Protein chains: 4
Amino acid sequence: MPITRTDLAMECFENADGGAIPGTQVSHWESDGIEITEVLVTDNEAAQLLDKPKGTYLTLECPLLLERDPDARLAMATLLAEEIDRILPGGDGDAPVLVVGLGNRSITPDALGPGVVDRTLVTRHMLGAPWAQSGMNSVCAIAPGVLGITGIESMELVEAVVKTIAPRAILCVDSLAARDSRRIGCTIQLTDTGIQPGAGVGNHRRPLTRDSVGVPVISVGMPTVVYAATLARDAFAWLADREGDDEPHEAALADMEKTLLGGEMGEMIVTPREIDAIIQDASGIIASAINRALQPTLSDAEIAAMMN
Amino acid sequence: MPITRTDLAMECFENADGGAIPGTQVSHWESDGIEITEVLVTDNEAAQLLDKPKGTYLTLECPLLLERDPDARLAMATLLAEEIDRILPGGDGDAPVLVVGLGNRSITPDALGPGVVDRTLVTRHMLGAPWAQSGMNSVCAIAPGVLGITGIESMELVEAVVKTIAPRAILCVDSLAARDSRRIGCTIQLTDTGIQPGAGVGNHRRPLTRDSVGVPVISVGMPTVVYAATLARDAFAWLADREGDDEPHEAALADMEKTLLGGEMGEMIVTPREIDAIIQDASGIIASAINRALQPTLSDAEIAAMMN
Amino acid sequence: MPITRTDLAMECFENADGGAIPGTQVSHWESDGIEITEVLVTDNEAAQLLDKPKGTYLTLECPLLLERDPDARLAMATLLAEEIDRILPGGDGDAPVLVVGLGNRSITPDALGPGVVDRTLVTRHMLGAPWAQSGMNSVCAIAPGVLGITGIESMELVEAVVKTIAPRAILCVDSLAARDSRRIGCTIQLTDTGIQPGAGVGNHRRPLTRDSVGVPVISVGMPTVVYAATLARDAFAWLADREGDDEPHEAALADMEKTLLGGEMGEMIVTPREIDAIIQDASGIIASAINRALQPTLSDAEIAAMMN
Amino acid sequence: MPITRTDLAMECFENADGGAIPGTQVSHWESDGIEITEVLVTDNEAAQLLDKPKGTYLTLECPLLLERDPDARLAMATLLAEEIDRILPGGDGDAPVLVVGLGNRSITPDALGPGVVDRTLVTRHMLGAPWAQSGMNSVCAIAPGVLGITGIESMELVEAVVKTIAPRAILCVDSLAARDSRRIGCTIQLTDTGIQPGAGVGNHRRPLTRDSVGVPVISVGMPTVVYAATLARDAFAWLADREGDDEPHEAALADMEKTLLGGEMGEMIVTPREIDAIIQDASGIIASAINRALQPTLSDAEIAAMMN
């Protein structure tokens with residue numbers, strides 16, 4: 001079974017033979033045109049086998065998003081808001097929630113996080129104002145990869161900010177790599193496990209988890225790329241399977257990676273031509289869900305009016 | 001022999017068995033660290049076989065460009081300027097040269113043309129000014145965008161402009177698709193055959209050639225993507241070759257394209273993560289070459305000072 | 001009476017003594033929180049005195065736009081759509097309407113036109129598609145100042161396009177200069193007189209009018225700047241008036257313009273700090289009005305779904 | 001003497017009667033086409049009178065920058081690099097220098113700081129690499145944005161970063177307000193006093209000084225705007241002076257500010273139309289000076305090659 005690179009927990013099961021993996025629970029359901037998959041990784045062996053830490057992984061899929069269907073966008077934002085609200089630990093309301101948009105604005109498929117931060121209603125600096133509404137929650141946001149190609153790692157910067165503002169929770173947004181290109185732009189994963197080293201399009205070097213920063217870290221991600229090596233490996237696996245080969249051509253694969261995929265190719269990404277538009281749309285949907293989840297007492301119109 | 005999508009004439013020969021193709025001449029040489037390949041397509045049968053019109057195709061390759069080597073950039077700009085000067089028909093100097101930057105600025109790998117237009121020294125509107133230098137040639141430039149932004153096809157717009165300003169020649173810049181991803185960002189093709197329907201990352205629907213507009217059309221292009229289908233096909237061909245299969249798995253290929261590459265996948269592109277930086281660099285190199293070729297009496301510093 | 005630079009017909013009356021100017025009619029009314037002023041210039045003497053050609057000038061003012069009030073934005077878009085529909089000549093529906101976004105995207109206060117073109121639903125290229133809705137009107141759009149700093153004047157390019165596509169009417173959008181800075185960002189002028197030389201933030205050199213292109217030209221504009229010289233002159237006039245001076249300090253004014261405003265200052269603009277956000281908002285409102293006026297059979301959701 | 005808003009220490013002397021202000025020393029000289037003014041504020045009374053803290057203020061002026069003269073740009077970058085080197089305290093070389101680009105990228109005249117950060121050679125993350133050159137100094141950079149994007153004040157963020165990375169010094173870059181519009185885009189001020197509350201186009205609310213962060217803070221700024229109120233006040237003062245009025249029309253001024261400049265006008269800025277290009281140019285010049293000053297062992301070509 002070729003191990004291919006994916007940040008989606010649900011894709012880790014697709015090469016399995018359909019049998020259950022001990023230490024995991026997978027459920028599917030459907031709501032308002034959105035297909036939902038919940039994966040629970042409950043023990044350490046499963047975590048190690050799947051290369052995904054213990055915790056809850058919720059995936060929302062809606063292919064209509066790729067056709068820019070307005071109803072699908074609204075349905076996705078509504079459902080995601082509910083799920084964020086459900087997974088985000090409550091709090092006394094005085095400590096802020098810190099929204100962290102990971103990624104680099106100048107690499108299009110890695111620009112989801114900064115795009116969401118641009119559209120997040122930030123309130124921490126307004127709460128003292130006389131006109132501030134009483135039910136408003138404190139929110140601040142940071143896009144550490146945008147603050148500059150800084151010589152300071154994104155996670156180092158987030159840790160510094162966490163020490164300064166003492167948030168009650170972190171809500172991270174990141175661009176992900178998938179294995180199946182059909183998931184690009186129409187699938188959102190929500191998890192309570194934070195960000196792992198090596199994950200995301202930007203390949204983070206350090207974790208951003210409850211262990212690393214001391215507060216709960218919820219992360220929201222959308223696949224925006226497939227690695228070229230993943231695509232080639234899957235084509236091989238598919239071919240081997242079709243031809244009824246028992247042995248998985250591992251030698252051929254290794255050989256191909258050295259020649260065809262060697263060097264630069266390893267870092268090549270496969271992405272739709274219209275990725276700029278996909279990032280823009282997805283940023284709007286995720287930010288809308290975050291704004292609703294974090295400000296339940298405000299209407300959409302009030303949120304829009306307060307953003308500038 | 002799998003037919004894969006490439007806009008580079010030199011790549012059409014790479015699946016051939018090394019034997020010469022009648023009606024073509026291929027030469028290689030090296031100059032200042034740059035590898036040059038000249039392909040002449042001299043008769044109609046060869047043109048049809050290669051799916052490339054009769055004419056001259058010059059390819060300049062320099063892998064050091066990907067490391068942003070300043071010497072390599074300068075060498076490439078210098079050599080390209082010389083070759084543009086050689087291939088561009090002379091003229092009386094009063095009629096302008098029209099630089100056409102094809103492609104769509106909001107799709108990163110398709111943004112080479114607009115990027116070059118941004119950096120081209122445009123002089124047509126200054127030639128009457130008292131301070132205009134006497135040897136200056138008339139140049140104007142246009143980045144027509146793509147169909148769907150304007151409802152006017154790029155080529156329709158270019159034709160309208162050609163009628164209005166009556167240029168002596170057109171110099172087109174476009175993002176190309178290659179077959180080999182190692183050519184992305186470090187290879188420039190220069191040809192006197194203009195732009196063909198279906199070519200370029202933007203897949204132009206109409207030609208831009210001497211036949212279509214009545215003036216010589218030189219085009220400069222750089223590969224910025226490989227189509228995902230090309231990559232998968234090449235992986236198959238490579239595997240078949242390695243295993244000594246005689247028949248080229250055509251049935252398997254067709255099958256795979258339907259399942260694995262079906263639908264959206266067909267339009268998926270493979271591109272380096274750092275494509276934004278590559279486009280920016282290449283725009284600078286090509287514009288610098290164009291400015292030098294079109295304004296031989298101006299120094300680099302004078303060109304820089306006149307741009308704003 | 002100091003002559004100050006304004007592109008708003010309504011501001012030409014503000015230095016007059018309240019008496020009517022022969023050859024003009026001015027009406028005011030209010031609708032849904034928007035103050036409307038209609039100026040009709042009906043004879044040539046009035047046109048020359050006011051430096052505004054004969055025709056209809058409609059101004060919609062809504063200061064709440066500056067507070068990004070969602071209701072105000074909706075009301076403005078709705079009213080503007082109705083007025084565009086009223087002023088735009090009908091047609092057989094086959095010939096397209098050409099939306100022209102004047103201005104330069106890289107000079108923020110001049111970027112209104114390109115911003116509107118970005119958000120305009122362009123349909124000319126879709127009308128033949130099987131899924132095209134039957135009532136859809138043909139629309140194309142061009143932002144000639146974005147196509148490149150091209151050596152081709154914007155108006156020359158528009159004329160070339162008009163010859164090629166033969167539109168039934170032109171709808172022009174441009175950034176304007178006002179005299180009163182309080183009108184920046186909250187006032188929209190709609191006129192059937194097209195664009196005059198010297199008008200707009202970009203100071204067009206050639207007209208775009210029914211006379212120059214042979215089809216009706218409606219123009220929509222919003223003030224985004226006040227010229228610094230205008231501000232200084234108004235301060236002077238105000239001071240003279242306050243001190244009861246009879247003579248208008250013309251010598252002092254001329255002197256000041258030479259010293260204080262001399263040279264660069266003449267071209268200095270006064271603009272709000274948040275002009276980028278104002279341009280973005282106004283582009284959305286005007287494009288929404290244009291889309292509704294030009295596509296009366298489509299709902300807002302259908303328009304949104306068709307844009308990409 | 002009307003007090004007008006300026007961030008340039010040298011402009012504080014221009015309303016004085018030419019006589020020396022006790023507690024200050026002003027020197028002028030010229031070097032390579034650049035006019036240099038050094039202001040030393042040496043006691044607390046002078047600091048209070050001028051509203052500028054005690055310290056050194058060096059101003060480099062070169063009007064040719066506005067004509068984009070390549071020699072002038074090079075001369076300015078060279079001289080500024082020398083002066084930064086002179087004013088920046090030396091250090092053991094292990095602790096990094098932190099470059100802070102203040103300002104908001106989406107408000108053009110406030111975007112100088114982020115523009116410089118984009119072009120600064122950041123090395124802190126490379127120093128451990130095997131290919132890192134031995135003489136390289138550690139540099140990191142941050143563009144903290146402004147309050148309202150993040151809900152975290154810029155200075156709060158800088159303080160958090162300072163605690164984490166313990167720099168040996170801070171080099172701040174900011175857009176300034178001038179009194180004389182002719183200084184926009186061609187004047188650079190270098191000071192060892194850091195950033196004061198209320199200064200800069202962004203009107204910082206908290207200081208960034210040696211006192212506030214515990215390490216030396218050098219700041220580099222360029223005027224990009226004049227406040228509209230400043231312009232009107234200066235026009236008044238000029239007029240009063242011309243007419244030989246003894247009393248400075250203070251009542252008229254106060255009255256005018258209430259009516260003509262009331263409300264929004266107070267925050268209106270006067271800026272050249274080509275401010276986007278000015279910001280781009282100035283970002284390049286200042287970043288080039290910073291890179292040379294901080295990396296004396298690297299050539300320009302090596303610096304260019306290491307940036308990506």
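## Examining the overall build of chain A
Now for step 1: When helices and strands are tallied, chain A shows nine helices and nine strands.
Now for step 2: For chain A, buried positions account for 58% of its 308 residues.
Now for step 3: Within chain A, contacts between residues at least 6 apart in sequence are counted, and of these 74% link residues at least 24 apart.
Now for step 4: Carbon and sulfur atoms make up 49% of the accessible area of chain A, which amounts to about 12100 Å² in all.

## Examining the packing of helix α2 (residues 70-87) of chain A against helix α8 (residues 275-294) of chain A
All names here are of chain A.
Now for step 1: For the pair α2 and α8, interaxial distance at closest approach is 8 Å and the crossing angle is 45°. Here α2 lies oblique to α8, going by the angle between them. The two elements α2 and α8 meet at a crossing, and its hand is right-handed. Within the contact between the two elements, α2 uses Arg73, Leu74, Met76, Ala77, Thr78, Leu80, Ala81, Ile84 and Asp85 and α8 uses Asp281, Ile285, Ile286, Ser288, Ala289, Ile290, Arg292 and Ala293.
Now for step 2: When the residues that make up the contact of α2 with α8 are grouped by side-chain class, the tally is eleven nonpolar, two polar and four charged.

## Regarding the pattern of salt bridges
Residues and elements named next belong to chain A.
Now for step 1: Following the criterion strictly, the structure yields 36 salt bridges over all chains and no others.
Now for step 2: Notably, a salt bridge pairs Glu61 with Arg183, separated by 3.1 Å at the nearest N-O pair. Highlighted residues: Glu61 in strand β3 (residues 55-61) and Arg183 in the loop between β6 (169-178) and β7 (187-191), separated in sequence by 122 residues. Arg183 matches Glu61 in its accessibility class, with the two residues each being buried.
Now for step 3: Here Arg105 ties to Asp118 by a salt bridge, and the two come within 2.8 Å at their closest N and O atoms. Separated by 13 residues along the polypeptide, Arg105 in the loop between β4 (97-101) and α3 (112-118) and Asp118 in helix α3 bring together distant segments of the chain.
Now for step 4: A relative accessible area of 41% places Asp118 in the partly exposed class.
Now for step 5: Overlapping salt bridges bring together Glu11, Glu61 and Arg183 as one network.

## Structural notes on helix α4 (residues 154-165) of chain D
Now for step 1: Given a rise of 1.5 Å per residue, twelve residues ought to cover 16 Å, and the 16 Å separating the end C-alpha atoms of α4(D) matches this to within 8%.
Now for step 2: Judged by how many residues are buried, α4(D) sits mostly within the fold: nine of twelve residues are covered.
Now for step 3: Against the buried residues of α4(D) lie β5 (139-142) and α4 (154-165) of chain A together with β4 (97-101), β5 (139-142), β6 (169-178) and α5 (210-213) of chain D.
Now for step 4: Positive backbone phi, at 50°, marks Ala166(D), one or two positions downstream of α4(D).

## Brief notes about the environment of Ile218(A)
All names here are of chain A.
Now for step 1: Within the secondary structure layout, Ile218 lies in strand β8 (residues 217-227).
Now for step 2: Overall, Ile218 belongs to the buried group, its relative accessible area being 2%.
Now for step 3: In this structure, the C-alpha to C-alpha distance between Ile218 and Ala160, residues 58 residues apart in sequence, is 18 Å.
Now for step 4: Apart from the residues lying within four places of it in its own chain, the contact partners of Ile218 are Ile87, Leu88, Pro89, Ile170, Leu171, Cys172, Leu190, Thr191 and Asp192.

## Remarks on the pairing of strand β6 (residues 169-178) of chain B
Residues and elements named next belong to chain B.
Now for step 1: Within β6, ten of the ten residues are buried, leaving the element largely enclosed by the surrounding structure.
Now for step 2: Summarising the sheet, strand β4 (residues 97-101) and β6 pair through five bridges and their orientation is parallel. Pairing of Val97 across the sheet is with Ala169, part of β6.
Now for step 3: Judged from the nine bridges that link them, β6 and strand β8 (residues 217-227) form a sheet pairing that is parallel. Bridged to Asp174 within β8 is Gly221.

## Some points on the environment of Val213(D)
Now for step 1: When you line up the elements, Val213(D) lands in helix α5.
Now for step 2: Apart from the residues within four sequence positions on either side, Val213(D) is in contact with Glu159(D), Val162(D), Ile170(D) and Leu208(D).

## What about unusual backbone geometry?
Now for step 1: Although it is not a glycine, Asp51(C) sits at a positive phi angle of roughly 55°.
Now for step 2: Position of Asp51(C) relative to the elements: it lies in the loop between α1 (44-50) and β3 (55-61).

## As for the packing of α4(A) against α4(D)
Now for step 1: It is the contact of α4(A) with α4(D), at a shortest axis distance of 9 Å, that shows an interaxial angle of 115°. Crossing geometry of α4(A) relative to α4(D) is assigned as right-handed. Each of Glu156(A), Leu157(A), Ala160(A), Val161(A), Thr164(A) and Ile165(A) in α4(A) lies in contact with α4(D), whose residues at this interface are Glu156(D), Leu157(D), Ala160(D), Val161(D), Thr164(D) and Ile165(D).
Now for step 2: Each residue belonging to the contact of α4(A) with α4(D) can be placed in one class, and the counts come to eight nonpolar, two polar and two charged.

## Points about the state of the cysteines
Now for step 1: Taken as a whole and assessed by the stated rule, the structure comprises zero disulfides over all chains.
Now for step 2: Free cysteine Cys140(B): the closest other cysteine sulfur is in Cys172(B), separated by 13 Å.
Now for step 3: The thiol of Cys186(C) is unpaired, and the distance to the nearest cysteine sulfur, on Cys62(C), comes to 7.6 Å.

## Let's talk about the confidence of the model for chain A
Residue and element names in this part refer to chain A.
Now for step 1: On average, residues of chain A score 85 in pLDDT, and 84% of them reach the 70 mark or higher.
Now for step 2: The least confident element of chain A, judged by mean pLDDT, is helix α7 (residues 250-259) at 66; the most confident is β7 at 98.
Now for step 3: On the interface metric, ipTM, the complex scores 0.75, and its pTM is 0.79.

Conventions used here
- Residues numbered from 1 in each chain as written.
- Chains lettered and ligands numbered in written order.
- Predicted model: local features only at pLDDT ≥ 70, side-chain atom pairs only at ≥ 80, totals over all residues.
- Heavy atoms only, no water.
- Helix = DSSP H or I, 4+ residues; strand = E, 2+ residues; numbered from the N terminus.
- Buried < 20%, exposed > 50% of the residue type's maximum accessible area, 1.4 Å probe, protein only.
- Contact = heavy atoms within 4.5 Å.
- Areas by Shrake-Rupley, 256 points an atom, 1.4 Å probe, with all protein chains shown as cover.
- Axes fitted to C-alpha atoms, helices over the stretch in contact; angles between N-to-C directions.
- Parallel < 35°, antiparallel > 145°, perpendicular 65-115°, else oblique.
- Left-handed = near helix turned anticlockwise from the far one by under 90°.
- Nonpolar A, V, L, I, M, F, W, Y, C, P; charged D, E, K, R; others polar.
- Salt bridge = Lys/Arg side-chain N within 4 Å of Asp/Glu carboxyl O.
- Expected span 1.5 Å × (residues − 1).
- Pairing = 2+ DSSP bridges.
- Disulfide = S-S within 2.5 Å.
- pLDDT = per-residue confidence, 0-100.

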